[in-house]
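Inside the fold
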Amino acid sequence: MCEKKQSYTPADAKRAYAEVDQLVGKKTISPRQAGAYRRHIASRVQVTLKPSYTEQAARRAKAEIVTLTEGGTITTKSAAAYRAHITKRTHAA
């Protein structure tokens, strides 16, 4: 079975999602149980944020947030909060 953790990095979350998919494929857990695991993982993804960003770093960080959102690793509400954090702390070079 999957090991539940208190927090996940985006890379850990992707691995955990893949593990859940494998368990469903092997019929070790039901799709309903898999949904519960996925919600658990999604609610505990931790993205590391910096105290300030250059414009280039902000662009890279926002692109990474988009990638994580499209992949389902973080929720759209979390993504919006991360983008706001990045925008607020971006300074012109």
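Residues numbered from 1 in each chain as written. Predicted model: local features only at pLDDT ≥ 70, side-chain atom pairs only at ≥ 80, totals over all residues. Heavy atoms only, no water.

**Let's talk about the overall build of the protein**
A count of helical and extended segments in the protein gives four helices and zero strands. When the elements of the protein are put in sequence order from the N terminus, they spell out α-α-α-α. For a compact globule of 93 residues, the expected C-alpha radius of gyration is about 12 Å, and the protein comes in at 16 Å, more than 25% above that figure. Every one of the 93 residues in the protein was classed for burial, and the buried ones make up 30%. Working note: accessible area of the protein is about 6300 Å², and carbon and sulfur atoms make up 52% of it. For the protein, the distance from the average position of its 18 positive side-chain charges to the average position of its 7 negative side-chain charges is 6 Å. (Helix = DSSP H or I, 4+ residues; strand = E, 2+ residues; numbered from the N terminus. Rg over C-alpha atoms; globule rule 2.2 N^0.38 Å. Buried < 20%, exposed > 50% of the residue type's maximum accessible area, 1.4 Å probe, protein only. Areas by Shrake-Rupley, 256 points an atom, 1.4 Å probe, with all protein chains shown as cover. Lys, Arg positive; Asp, Glu negative; His and termini not counted. Charge placed at Lys NZ, Arg CZ, Asp CG, Glu CD.)

**Section: the packing of helix α3 (residues 55–70) against helix α4 (residues 76–88)**
Running from amino to carboxyl end, α3 crosses α4 at an angle of 180°, the nearest separation of the two axes being 10 Å. The orientation of α3 relative to α4 falls into the category roughly antiparallel. Contacts between α3 and α4 pair A58, A61, K62, I65 and T69 from the former with T76, A79, Y82, R83, I86 and T87 from the latter. Residues of the contact of α3 with α4, tallied by class, amount to six nonpolar, three polar and two charged. (Axes fitted to C-alpha atoms, helices over the stretch in contact; angles between N-to-C directions. Parallel < 35°, antiparallel > 145°, perpendicular 65-115°, else oblique. Contact = heavy atoms within 4.5 Å. Nonpolar A, V, L, I, M, F, W, Y, C, P; charged D, E, K, R; others polar.)

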